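# Architecture at a glance
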Protein chains: 2
Amino acid sequence: MQIVNGFPSTMQDDYQLNMINIIRHATRCFGRQEIVTRKPGGLFRYTYREAYERIKRLANALGKLGIGVGDRVGVLEWNTYRFYEMDFGIPGTGAVLLQLNLRLAPKDLVYVINHAGAKCIFVDETLVPLAEAIAPMCPTVKNFVVLTDKPLREVKTKLNPVHSYEELLAGAEPAYEWPDLDEKSAYACCYTTGTTGDPKGVYYSHRNVYLHSHAIALNAEISYRDCFFQIVPMFHANGWGTPQAATLAGAKLLFPGRYAVEDLAPLVDLWVQEKATVADGAPAIFLPMLRYIERMPVKPDLTGARLLSGATEPPVALMKGLYDLTGAEVIHAYGATETTPLVTINRLKPWLQRELTEEQRWDIKRKQGYAVVGLDLKIIDESGKELPDDGKSVGEIVIKGPWITAKYFNAPGTEVQFTPDGYWRSGDAGTMDEEGYVKITDRVKDLIKSGGEWISSTDMENELISHPAVLEAAVTGINHPKWEERPLALLVLKEEFKGQVKFDDFLQHLGQKFAKWQLPDEILFIEAIPKTSVGKIDKKVIRQQYQDFYMKR
Amino acid sequence: MQIVNGFPSTMQDDYQLNMINIIRHATRCFGRQEIVTRKPGGLFRYTYREAYERIKRLANALGKLGIGVGDRVGVLEWNTYRFYEMDFGIPGTGAVLLQLNLRLAPKDLVYVINHAGAKCIFVDETLVPLAEAIAPMCPTVKNFVVLTDKPLREVKTKLNPVHSYEELLAGAEPAYEWPDLDEKSAYACCYTTGTTGDPKGVYYSHRNVYLHSHAIALNAEISYRDCFFQIVPMFHANGWGTPQAATLAGAKLLFPGRYAVEDLAPLVDLWVQEKATVADGAPAIFLPMLRYIERMPVKPDLTGARLLSGATEPPVALMKGLYDLTGAEVIHAYGATETTPLVTINRLKPWLQRELTEEQRWDIKRKQGYAVVGLDLKIIDESGKELPDDGKSVGEIVIKGPWITAKYFNAPGTEVQFTPDGYWRSGDAGTMDEEGYVKITDRVKDLIKSGGEWISSTDMENELISHPAVLEAAVTGINHPKWEERPLALLVLKEEFKGQVKFDDFLQHLGQKFAKWQLPDEILFIEAIPKTSVGKIDKKVIRQQYQDFYMKR
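A brief structural summary. Note that the coordinates shown come from a computational prediction; the quantities given were computed from them, not determined experimentally. (Residues numbered from 1 in each chain as written. Chains lettered and ligands numbered in written order. Predicted model: local features only at pLDDT ≥ 70, side-chain atom pairs only at ≥ 80, totals over all residues.)

As a further point, take the overall build of chain A. For chain A, the helix and strand inventory stands at 16 helices and 27 strands. Since a compact globule built from 553 residues should have a radius of gyration of about 24 Å, the 25 Å found for chain A is in line with a globular shape. Oriented by its inertia axes, the alpha-carbon framework of chain A measures out at about 75 × 65 × 55 Å. A buried classification covers 50% of the 553 residues belonging to chain A. Taking the contacts inside chain A whose residues are at least 6 apart along the sequence as the reference set, 65% of them involve residues at least 24 apart. (Helix = DSSP H or I, 4+ residues; strand = E, 2+ residues; numbered from the N terminus. Rg over C-alpha atoms; globule rule 2.2 N^0.38 Å. Buried ≥ 20, exposed ≤ 12 C-beta atoms within 10 Å, placed from the backbone. Contact = placed C-beta atoms within 7 Å.)

Written as structure tokens, this is what we have:
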């Protein structure tokens, strides 16, 4: 649509939305607010004011390393105050923070660094071996900076030239004049890694992250009285934009440092000790936390705490368990790297709180939620037509807005991921009800189209997993001579159930939730389900392997 | 400072911040949320969804009246749902809502309408006589639209051509495709009326009001669980931008309709009945409300309610009184027509809550507060140099930011109200402390400069008014042969004290707060203090009248 110019305003409309203004404000008005990081030796505490002084020193240090406006700077680091400093210091100078996923396979990391053309890498001491492994394949990287408390000479490394973050900061001036950056300048970039093809780069702008920070603060209701616990990795989908949003609100910040999903006890203890009131994470983190809390002799009182939960839909048992034991509320939110990431959030509207039964309320809380203000979200059919918000019509979720990507960086052929009218195609299939709540039923490509009707493979997988005999389940649409596609279920059974259950048992189980025509034509019992490098079911491989399964019968 | 272009982002940075998106979102995601208006016949209730349908009809009706992109449309109306509809419907089409202060003298109204070149005036039935009085002097106005529930034929008026708002809406289509407006297009305009010169126009942009709505929602912490009570006139300084902010948050809205400061009982009753949780106003409104509540046999429980209080600093007795009786918190905020208006807000930081005595906390709450995030506020001396944030150095408060005006519309000679580096000069003198709290001590031109040191005339007036014998007080700086200026106090005594108190009594009273050199050289007992048309002390007249008072002695 053509942009229309109205009557001229008299306002300072050319004042640029620049992320450095947010930490500057926090320093001036919430200068004594704390930022607490869990480190191997204990907790490290300082204030916004102290952080900002180091951020200015970092800006000067970047200049000394020859990093200027527009240069990309990679960061390989856990959730710490140093990552936080770089979140402002690097983009503040006009450089771009390249968020490096430290769980990525080295070959993907190399691809990302080369595609972005990073000029420098900041790397935590514990990750130096990873940096050393990829360094020879990254010709654009001219400097490495090690994040460590030790003197540089005590760090054994082949990285070259190599510097110490702390020594650079100690040697830099604490005064820095920030450039007045155009708000459309890139602030940071993050690469998505799907199941197919090379990682694709999304370059966030200052304007976009600024507006997104407001969206997070408004929807998660973060205030200066809160303590925000940053559990989501800061290299993952813009770190959810939550450290920036917490800074916008003047909240206390809590960083967990390095942690392992296998032992979340330190995180729960930290949470209780520092009185965190808002946190972000996913069921994969909150579930083991709940298990730990269940074993605690005295349950922590987390009344009023909000746990923003991304990734998959939070199970009712998780939400109810945490609420009953601690008073904390799990709030499901939905988004992606391409969306900065906040798209929808699930808050229960006051009238629904009044009208619905408790069970209905829990059921609603499993949905992805409604689109946050500022975004334009719709659900479209294959022809691009918008579907009604009836809670039934399934189509693809597409989104437009100031913090949604318009393209992928230097990635020919990816135009198909956008609609002709400029919406980003999420690839997620779902519905929207009259209240605006979105419910994802599947990945679009994982929906099964049988005789013109849809079957949700995810729903069926969830239902199969709820059977006591099932360890893992994958349901895929397989070509069918008559119905176009029909579901095929692959099951890995628990050891003790092997040979004890059969096809009919599962048909009966599924029959409680699915119509007869939706039931799989076949169930195969196998030893392992094909997975991608990040542990997702690899439907592409399954589809290839079984493509003729129903055709040949 | 030159704007610097960084690396290009991949984001939808051209997605325009357009106010119509905010009501569209509220309709989709909070469609059942209520908007309640007090009308002569009782309460009128409808939902965001119903409001939005009428807003679309209004947009079509504007087209039929020949109003297009860029046209200015005047509104003379109380705080009602119809004003709310116009707040979105007029700017949504690309036209500009001209906020008309119905308390303005007719000659000033005529000036404003002609200066803006308004093409049409929307006027409440009760204000038709005012519109009729000014109509002959407003040649650009081609149509009048009466806001009334009656059939148009029952409204006696000489306005011509004249239409009925309700009949226009009833005859208009409920479907409308909003233009994709450039975010820098004017959204509304409002004229300031100072003590000198003609009214000056500020033209708000969609971008600016959009960002300001976020600032209000974030700082007043408005959520979808709140009920926002719009007490501040919607024609006054952009109506504080609060109806828009409440819509952004999905809050319930409460409009008081026409009310008189002389009888605020209906407002308190409405507040309690509709369970308002946030309101905006000023001590001039909240004080009589407190008086009414003091007389109520059963005090309303307003625990957690927030009263955003603008204009003058709220007296501790008001804040404490409301808190003790109802649990409501008065929150002082500061701004002006030129600032959309939110500049500072006074929230007590958690560490101050812990560290300060109760008295110190009340004392802090009287300050104007800290600058909200997004704005750049500083205090400068006469040479333009930034003063330290020591809570002592007095200078002029100057402000920059996305919702601060850059100029006045077609007003040659007003450039002096901006600093060379683009800050708007507030004309207010004040200090900033280390926590960022701003305290206004005076209007810059009301500060008294004696022997190179400053004396606050406002502080001295407040102190004089606290004396039991004083009805009114004005303190002005008068030319002095030796000290440049010296304070002169004018007092109106209460009837029963006349002749009973003298100069020395007041010197003694002032001596508790002021240094000896600051005390007025003379106090004059008079019958009435010169006032401006809006009831402010007219220092200009006083200065003229007494200019040689100290020179001739």
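This part takes up the sheet that holds strand 15 (residues 306-309) of chain B. Residue and element names in this part refer to chain B. Strand order in the open sheet formed by nine strands is 3-2-13-12-14-15-16-17-18, and the pairing between neighbours is mixed. Each edge of the open sheet is held by one strand with a lone partner, namely strand 3 (42-47) and strand 18 (370-371). In this sheet, strand 15 lies alongside strand 14 (residues 278-281) in parallel orientation, the contact comprising four bridges. Among the inter-strand pairings, valine 278 is bridged to a residue of strand 15, identified as arginine 306. Each of strand 14, strand 15 and strand 17 (342-345) touches helix 7 (residues 206-220); the most contacted strand, strand 17, lies at about 15 degrees to it. (Pairing = 2+ DSSP bridges. Axes fitted to C-alpha atoms, helices over the stretch in contact; angles between N-to-C directions.)

Now for the interface of chain A and chain B. Contacts between chain A and chain B engage 67 residues on the former and 67 residues on the latter. For the side of chain A that touches chain B, the class distribution of residues is 34 nonpolar, 20 polar and 13 charged. Two elements, strand 9 (residues 180-181) of chain A and strand 1 (residues 3-4) of chain B, share two bridges in a ladder whose sense is parallel. Bridge pairing in strand 1 of chain B places aspartate 180 of chain A opposite isoleucine 3 of chain B. (Nonpolar A, V, L, I, M, F, W, Y, C, P; charged D, E, K, R; others polar.)

On to the environment of alanine 170 of chain A. Residue position: alanine 170 of chain A is located in helix 6 (residues 165-170). Spatially, the C-alpha atoms of alanine 170 of chain A and glutamine 244 of chain A are 25 Å apart, while their sequence positions differ by 74 residues.

Residue and element names in this part refer to chain B. Of all the positions in helix 4 (residues 106-116), only Leu109, Val112, Ile113, His115 and Ala116 are classed as buried. The buried residues of helix 4 all sit within an arc of 165 degrees when viewed along its axis, so they share a single face. Exposed residues lying more than 90 degrees from the buried face of helix 4 are Pro106 and Lys107. One or two residues past the end of helix 4 sits glycine 117, with phi positive at roughly 65 degrees. (Arc of directions from axis to C-beta.)

Moving on to the sheet that holds strand 4 (residues 72-76) of chain B. All names here are of chain B. Strand order in the open sheet formed by seven strands is 8-7-6-4-5-10-11, and the pairing between neighbours is mixed. Because the sheet does not close on itself, it has two edges, and the strands there are strand 8 (162-164) and strand 11 (200-205). When strand polarity is set aside, the average angle formed by the axes of neighbouring strands in this sheet is 25 degrees. Here strand 5 (residues 96-99) pairs with strand 10 (residues 186-192) via three bridges, running parallel. By the bridge assignment, glutamine 99 is partnered in strand 10 with cysteine 190. The strands touched by helix 3 (residues 81-92) are strand 4, strand 5, strand 6 (120-124), strand 7 (143-147) and strand 10; relative to strand 5, the strand with the most contacts, the crossing angle is about 140 degrees.

Time to look at unusual backbone geometry. With an omega of 10 degrees, the peptide bond between threonine 340 of chain A and proline 341 of chain A qualifies as cis. Residue position: proline 341 of chain A is located in the loop between strand 16 (329-335) and strand 17 (342-345). The backbone of asparagine 410 of chain A shows a phi angle near 45 degrees, a positive value even though the residue is not glycine. Relative to the elements of secondary structure, asparagine 410 of chain A occurs in the loop between strand 20 (395-400) and strand 21 (424-432). Look at tryptophan 240 of chain B: it is not a glycine, yet its phi comes out positive at around 65 degrees.

Membership of the largest hydrophobic core comes to 301 residues, with the highest contact counts inside it found for Val73 and Val96 of chain A together with Val73 and Val96 of chain B. Judged by nonpolar contacts, the second largest core, of 20 residues, contains Ile448, Ala474, Ile537 and Tyr550 of chain B. (Core = buried A, V, L, I, M, F, W, Y, C linked by C-beta atoms within 7 Å.)

A few words now on the relation of the copies chain A and chain B. Under the fitted operation, chain A is carried onto chain B by 0.1 Å of movement along the axis and a turn of 180 degrees, and the coordinates agree to an RMSD of 0.2 Å. Taken together, the rotation and translation describe the operation of a two-fold axis. Closest approach to the rotation axis within chain A is made by the C-alpha atom of leucine 218 of chain A, at a distance of 3.1 Å. Looking at chain A, 100% of its interface residues are interface residues in chain B too, so the copies touch through the same face. (Least-squares fit on C-alpha atoms with pLDDT ≥ 70 in both.)

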